[in-house]
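Residue-level structure breakdown
Next come the chains, spelled out residue by residue.
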Amino acid sequence: MKKDLLSVLDVGGELEKIIDDAIKMKRGEYEKIMEDKVMAMIFEKSSTRTRVSFEVATQKLGGHAIFLSKNDIQLGRGETIKDTAKVLSRYVDVIMYRAYSHENMKELAKHASVPVINGLDNEEHPCQVIADFLTIKEKKGKLRGLKFVYVGDGNNNMAHSYILGSAISGMKIKIVSPKDYWPSSYYIEKAKEMGGEIEIEEMNEYAVKDADVVATDTWVSMGDEAEKEKRIKDFQGYTVSKEVMEKAKSDAIFLHCLPAYYGYEVTEDVAYGKHSVIFDEAENRLWAQMAILKWLFD
Ligand code: CP
Ligand code: NVA
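A few points on the structure.

1. What about the overall build of the chain?
Regarding its fold elements, the chain presents eleven helices and nine strands. The C-alpha atoms of the chain give 19 Å as radius of gyration, which agrees with the globular expectation for 298 residues (19 Å, within 12%). Residues classed as buried in the chain amount to 55% of the 298 residues present. Relative to all contacts within the chain whose residues are 6 or more apart in sequence, the contacts with residues 24 or more apart total 77%. Carbon together with sulfur atoms contributes 47% to the accessible area of the chain, which is approximately 13200 Å² in total.

2. Regarding the site of ligand 1
Residues in close proximity to ligand 1 include S47, T48, R49, T50, R98, H125, Q128, C257, L258 and R285, which together make up its full environment. One of the side-chain nitrogen or oxygen atoms of T50 is found 2.7 Å away from an oxygen atom of ligand 1. Q128 places a side-chain nitrogen or oxygen 2.8 Å from a nitrogen atom of ligand 1. Contact with the protein chains hides 96% of the accessible area of ligand 1, taken as 250 Å² for the molecule alone. Within the shell around ligand 1, the residues separate by chemical class into two nonpolar, five polar and three charged.

3. Focus: the sheet that holds strand β8 (residues 213-216)
Adjacent strands of a sheet pair through backbone hydrogen bonds, lying either parallel or antiparallel. What the five strands build is an open sheet, ordered β7-β6-β5-β8-β9; its pairing is parallel. Looking along the sheet, the strands with just one partner apiece sit at the ends: β7 (198-201) and β9 (253-256). Put simply, the sheet's adjacent strands are angled 20° from each other on average, direction ignored. Sheet topology note: the strand β5 (residues 147-151)/strand β6 (residues 172-176) ladder contains five bridges and is parallel. When the sheet's bridge partners are listed, V151 is paired in β6 with V176. The sheet strands contacting helix α5 (residues 126-140) are β5, β8 and β9, and the helix crosses β9 at an angle near 165°.

4. Brief notes about the packing of aromatic side chains
This structure, assessed with the given rule, holds twelve aromatic pairs. For the ring pair F235 and Y238, a centre distance of 6.3 Å and an interplane angle of 85° mean the geometry is edge-to-face. Given the relative accessible area of 0%, F235 is considered buried. Judged by centre distance (5.8 Å) and plane angle (40°), the ring pair of Y262 and Y272 falls under tilted. Residue Y262 is located in the loop between β9 and α10 (268-271), and its partner Y272 is located in the loop between α10 and α11 (278-297); the two are separated by ten residues in the primary sequence. The ring of F297 carries K37 above its face, with NZ or CZ at 5.2 Å from the centroid. Lying across the ring of F67, R51 places its NZ or CZ 3.6 Å from the centre.

Rules behind the numbers
- Sequence order as written defines the numbering, with residues in each chain counted from 1.
- Throughout, the order in which chains and ligands are written sets their labels, letters from A for the former and numbers from 1 for the latter.
- Note on the predicted model: pLDDT of at least 70 is required for a residue's local features to be given, and 80 or more for side-chain atom pairs to be given and counted; whole-chain, interface and lining totals, by contrast, use all residues.
- Only hydrogens and water are set aside; all other atoms, that is, all heavy atoms of the structure, feed into the side-chain values.
- Helix numbering and strand numbering both begin at the N terminus, where a helix is a DSSP run of H or I of at least 4 residues and a strand a DSSP run of E of at least 2.
- In this description the radius of gyration comes from C-alpha coordinates, and the expected globular size is given by 2.2 Å times residues to the power 0.38.
- Per-residue accessibility, obtained with a 1.4 Å probe over protein chains only, is compared with the maximum for each type, and a residue is labelled buried under 20%, exposed over 50%, and partly exposed between these values.
- A contact between two residues is defined here by any heavy atoms of the two lying within 4.5 Å.
- For the accessible areas, the method is Shrake-Rupley and the probe is 1.4 Å, while residue cover comes only from the protein chains on display.
- The near set for a molecule or strand comprises every residue that places at least one heavy atom within 4 Å of it.
- Residues adjacent in sequence count toward polar contacts only when both atoms are side-chain atoms; beyond that, a polar contact is any pair of N or O atoms within 3.5 Å, and within protein one must be able to donate a hydrogen and the other to accept it.
- Polar here means any residue outside two lists: the nonpolar Ala, Val, Leu, Ile, Met, Phe, Trp, Tyr, Cys and Pro, and the charged Asp, Glu, Lys and Arg; Gly therefore counts as polar.
- Strand pairing is assigned whenever DSSP identifies at least 2 bridges connecting the two strands.
- Angles run from 0 to 180 degrees between N-to-C directions of axes, and those axes are lines fitted to C-alpha atoms, restricted for helices to the stretch in contact.
- Centre distance within 6.5 Å is the pairing criterion for rings of Phe, Tyr and Trp, where only the six-membered ring of Trp is used; planes under 30 degrees apart are then read as stacked, over 60 as edge-to-face, and the remainder as tilted.
- For a lysine, the NZ atom is tested; for an arginine, the CZ atom; a charge sits over a ring if that atom is within 6 Å of the ring centre and within 35 degrees of the ring normal.

The structure is reproduced here in structure tokens:
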């Protein structure tokens with residue numbers, strides 16, 4: 001059966017193996033496992049990191065990536081996802097899809113005969129979380145037992161994938177979010193089924209106490225633009241500022257998947273400050289993508 005990566009759940013217990021492979025690949029230990037292989041990348045939304053890291057990753061592994069903006073292909077004019085999946089499967093060896101809807105992601109994977117990688121949708125961002133956990137392992141030497149605190153929109157794609165990834169890897173996770181933005185029960189239940197330790201609370205002075213890792217993400221994800229003003233109001237008090245960061249462990253690291261909106265979810269002094277590893281995290285998208293592709297083709 002073909003493998004897909006639609007959710008962090010799809011890598012399951014192989015998460016740390018993918019991370020360890022990425023660490024080796026970062027040291028230059030990789031082979032051209034994609035020789036003669038082609039990846040199609042469908043983007044319904046903007047991207048800097050996902051697009052470039054997947055293109056470079058494919059090239060380093062000896063393959064070729066084709067960028068397909070939804071508006072440039074017939075999908076944007078009403079061709080069905082089913083037919084797009086069937087046609088692309090006749091040409092390419094893997095499809096990466098950045099979508100608005102997780103239902104469409106599943107539909108593409110259902111009808112494609114080649115692996116499908118979720119390059120972000122409204123529910124999850126699994127490739128980003130693999131890169132983030134690679135960054136944590138690089139900086140902290142382990143994942144199990146660490147305390148991970150995510151501050152901000154607790155019901156977006158990053159929060160969901162962090163919740164699943166933490167449960168799989170044995171990190172304790174706390175989501176600090178206004179009540180209206182607490183994670184969907186599906187993710188909480190899945191994490192608990194896997195033995196995950198998860199706390200959810202509103203902002204308070206102990207929010208990031210004892211954190212080894214503090215992470216945030218935009219308050220206005222792609223697709224949420226119509227609610228921008230409301231969200232900016234709702235998230236007042238949730239900015240990761242120097243004062244917030246000072247309450248984490250003295251050697252805590254700060255993560256942000258980027259793009260960042262300074263002065264909103266994080267201040268510029270934190271993003272460029274001594275705890276921040278955001279550009280190592282961005283670089284790690286590349287090494288994580290290579291390890292993900294290896295996982296798919298092995
Ligand atoms: N973090 C991330 O996925 O960035 P892009 O939107 O630039 O791909
Ligand atoms: N939550 C953000 C992540 C961007 C990489 C979004 O979906 O826009």
